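Report on the structure
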Amino acid sequence: MHFPTFFVALTTLALGVVALPSTNVDTASGIVTKRETSYGNPDLVVDQGDRWKLNFGSTDGHPNACAGHYICYIGKGGSRHDDESWGNPDDMVDEGDRWRFNYPNSGDGPCGDHYICYYNK
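Residues numbered from 1 in each chain as written. Predicted model: local features only at pLDDT ≥ 70, side-chain atom pairs only at ≥ 80, totals over all residues. Heavy atoms only, no water.

1. Concerning the environment of R100
Here is the rule we go by: For the purposes of this entry, the term helix denotes a DSSP run of H or I that reaches at least four residues, the term strand denotes a run of E that reaches at least two, and both are numbered from the N terminus. Only protein chains enter the accessibility calculation, which uses a 1.4 Å probe; a residue is then buried when its area is under 20% of its type maximum, exposed when over 50%, and partly exposed in between. Any two residues having at least one pair of non-hydrogen atoms within 4.5 Å are treated as being in contact.
Structurally, R100 is set in strand β9 (residues 98-102). When its relative accessible area of 14% is taken as the criterion, R100 is described as buried. When neighbours within four sequence positions are excluded, R100 is seen to be in contact with E36, D91, M92, V93, E95, I116, C117 and Y118.

Have a look at this one:
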């Protein structure tokens, strides 16, 4: 008799957790923030299978990637393979469950006729 009550309570709790918002709110300012990390505008992004190779045009790099270096690597899982260029995106963003690449023109990257492409983690 306890199992049905326990099951209903557990299910209700799980649904409550799933229903929580997926954004962060800065309590001091009340500003809603997204859970993503931008890696800025690298001059070249290369998919090496198990990592992204970001190449910046100067040692300024980006605060979230390559600060003080021209080249840095960001792990992404997967099996190592030959270099596949993802071109020169305006912005490379880690959205948590996928990578987003924004390009200035359609056809500039591996997205075909789209300005934005996604790579699932």
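Once you've had a look at it, read on.
2. Let's talk about the state of the cysteines
Note the threshold: Disulfides are defined as pairs of cysteine sulfur atoms found within 2.5 Å of each other.
On inspection of all chains with the given rule, the structure shows 2 disulfides. Note on cysteine connectivity: C66 is disulfide-linked to C72, with sulfurs 1.9 Å apart. Between C66 and C72, the disulfide has an S-S torsion of -85° and is therefore left-handed. In this structure C66 comes out as buried when scored by relative accessible area, which is 7%. In this model C111 forms its disulfide with C117; the gap between the sulfur atoms is 1.5 Å. Because the torsion about its S-S bond is -55°, the bridge between C111 and C117 counts as left-handed. In the chain, the bonded cysteines, taken in the order they occur along the sequence, pair up as 1-2, 3-4.

3. Some thoughts on the confidence of the model for the chain
Rule in force here: Confidence of the prediction at every residue is given by pLDDT, a number between 0 and 100.
A residue-level look at the chain finds 72% of positions with pLDDT of 70 or above and a mean pLDDT of 79. A low-confidence stretch, residues 12-24 (pLDDT under 50), is modelled with 8 contacts involving residues beyond four sequence positions or located in other chains.

4. Topic: the pairing of strand β6 (residues 71-75)
The condition is simple: Two strands are counted as paired when DSSP detects at least two bridges linking them.
Residues C72 and I74 point to one face of β6 and are all buried, whereas I71, Y73 and G75, pointing to the other face, are not buried. Where strand β5 (residues 51-55) and β6 come together, 5 bridges link them in antiparallel fashion. Looking at β6, one finds that N55 is bridged to I71.

5. Description of the environment of G112
With respect to the helices and strands, the residue G112 is situated in the loop between β9 and β10 (116-120). For G112, a relative accessible area of 40% puts it in the partly exposed group. Beyond its immediate stretch of four places on either side in the chain, G112 contacts S106 and G107.

6. Quick notes on the sheet that holds β9
What the 4 strands build is an open sheet, ordered β3-β8-β9-β10; its pairing is antiparallel. The sheet terminates laterally at β3 (37-38) and β10, the two strands that pair on one side only. In terms of strand pairing, β9 meets β10 through 5 bridges, oriented antiparallel. Directly across from F101, in β10, lies its bridge partner C117.

7. Observations concerning the pairing of strand β4 (residues 44-47)
Sheet topology places β4 next to β5; 4 bridges connect them, and they run antiparallel. Counted as the bridge partner of V45 is L54 from β5. In this structure, the hairpin formed by β4 and β5 is closed by a connection of 3 residues, where G49 is found at a positive phi of approximately 95°. Pairing between β4 and strand β7 (residues 84-85): 2 bridges, direction antiparallel. What sits directly across from V46, in β7, is S85.

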